[in-house]
Amino acid sequence: MSRKIKLVIFDLDGTLINAYSAVYRSVNYAMRAIGFPPIDHDTIKRTVGWGDRHLIERFVGKENTAKTLAIYRRHHKEALKTGTKLLPGAQRILVYLKKHKYKLAVASNRPTRFSRIVVKHLDIKKYFDYILCGDRVDRPKPYPDILQKILKRFSLHP
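Residues numbered from 1 in each chain as written. Predicted model: local features only at pLDDT ≥ 70, side-chain atom pairs only at ≥ 80, totals over all residues. Heavy atoms only, no water.

Novice: Could you give an account of the overall build of the protein, naming the residues involved and the relevant values?
Specialist: Looking only at helices and strands, the protein features seven helices and five strands. When the helices and strands of the protein are listed from N to C terminus, the series reads β-β-α-α-α-α-β-α-β-α-β-α. In terms of C-alpha radius of gyration, the protein reaches 17 Å, essentially the compact-globule figure of 15 Å for 158 residues. A total of 158 residues make up the protein; the buried ones form 44% of that total. (Helix = DSSP H or I, 4+ residues; strand = E, 2+ residues; numbered from the N terminus. Rg over C-alpha atoms; globule rule 2.2 N^0.38 Å. Buried < 20%, exposed > 50% of the residue type's maximum accessible area, 1.4 Å probe, protein only.)

Structure follows, in structure tokens:
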């Protein structure tokens, strides 16, 4: 009998990793750089998940987004190397699934370059057969485009 589940797709933030410390530091670095007040940790945590452009725009408005986002991204590529950790049990489940021959993928709204930094820093790239990020699809999550593209890559149906 063949098993029904062939592919397991994970999000990164809040599912496999905790990067809130890095996001918090980078957001507030950018806020200070443009003369805006800092944002508290809980507000930032509630705003994460729709991509960094949305995150920054929410705090500075459309007119200040491009400049602030550039500052945020420069800082964030370094902050991720010290402010990111695997959630408890994440590595154990990845090892188990790989050992049992499941295909594994990531579907993250985090931009590709930052996802690459995270998976390299945490040494988890070896577990994944495919990583797809929100900047590589027309409509990121919550739209299904990213999941549909991953399924197509593996010639699978939901």
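Novice: Please set out the side chain of Ser115 residue by residue, giving values where relevant.
Specialist: With respect to the helices, strands and loops of the structure, Ser115 is situated in helix H6 (residues 112–121). Classification of Ser115 as buried rests on a relative accessible area of 1%. Every residue in contact with Ser115, bar those within four places of it in the chain, is listed here: Leu12, Ser108, Arg110 and Cys133. (Contact = heavy atoms within 4.5 Å.)

Novice: Break down the nonpolar core for me, with residues and values.
Specialist: Counting residues in hydrophobic clusters, the biggest one holds 23 residues, and the most contacted among them are Phe10, Leu16, Leu94, Leu104 and Phe128. Of all the secondary structure elements, the ones that give two or more residues to this core are strand S1 (7–10), helix H5 (90–99), strand S4 (103–108) and H6. The greatest single-element share of this core, amounting to four residues, is contributed by H6. Apart from the residues within four sequence positions on either side, Phe10 is in contact with Thr15, Leu16, Leu94, Leu97, Leu104, Ala105, Val106, Ala107 and Phe128. (Core = buried A, V, L, I, M, F, W, Y, C linked by side-chain atoms within 4.5 Å.)

Novice: Got a sec to walk through the pairing of S4? Specific residues and values, please.
Specialist: Within S4, five of the six residues are buried, which leaves it mostly tucked inside the rest of the structure. Looking at chain direction, S1 and S4 are connected through four bridges and run parallel. Note on S4: the bridge partner recorded for Leu7 is Lys103. Here S4 pairs with strand S5 (residues 130–133) via four bridges, running parallel. If you follow Val106 over to S5, its bridge partner there is Ile131. The β-α-β motif built from S4, the intervening H6 and the parallel element S5 has right-handed crossover chirality. (Pairing = 2+ DSSP bridges. Right-handed = clockwise from strand over helix to strand, strands pointing away.)

Novice: Now, about the packing of helix H3 (residues 52–60) against helix H4 (residues 62–79): what can you tell me, with residues and values included?
Specialist: In the contact formed by H3 and H4, the axes pass within 8 Å of each other and the chain directions differ by 125°. When the axis of H3 is compared with that of H4, the two are oblique. As for the relative orientation of H3 and H4, their crossing is right-handed in sense. Packed against H3, whose contacting residues are Asp52, Arg53, Leu55, Ile56, Glu57 and Val60, the element H4 presents Lys62, Glu63, Asn64, Thr65, Thr68, Leu69, Tyr72 and Arg73 at the interface. Considering only residue class, the contact of H3 with H4 consists of five nonpolar, three polar and six charged. (Axes fitted to C-alpha atoms, helices over the stretch in contact; angles between N-to-C directions. Parallel < 35°, antiparallel > 145°, perpendicular 65-115°, else oblique. Left-handed = near helix turned anticlockwise from the far one by under 90°. Nonpolar A, V, L, I, M, F, W, Y, C, P; charged D, E, K, R; others polar.)

Novice: Let's hear about the sheet that holds S1: which residues, and what values?
Specialist: Strand pairs in the sheet, formed through backbone hydrogen bonds, run parallel or antiparallel to each other. Strand order in the open sheet formed by three strands is S1-S4-S5, and the pairing between neighbours is parallel. Looking along the sheet, the strands with just one partner apiece sit at the ends: S1 and S5. Geometrically, the sheet is characterised by an average inter-axis angle of 20° between neighbouring strands, direction not taken into account. Packing against the sheet, helix H7 (residues 145–153) makes contact with S1, S4 and S5, and its axis sits at approximately 155° to S5.

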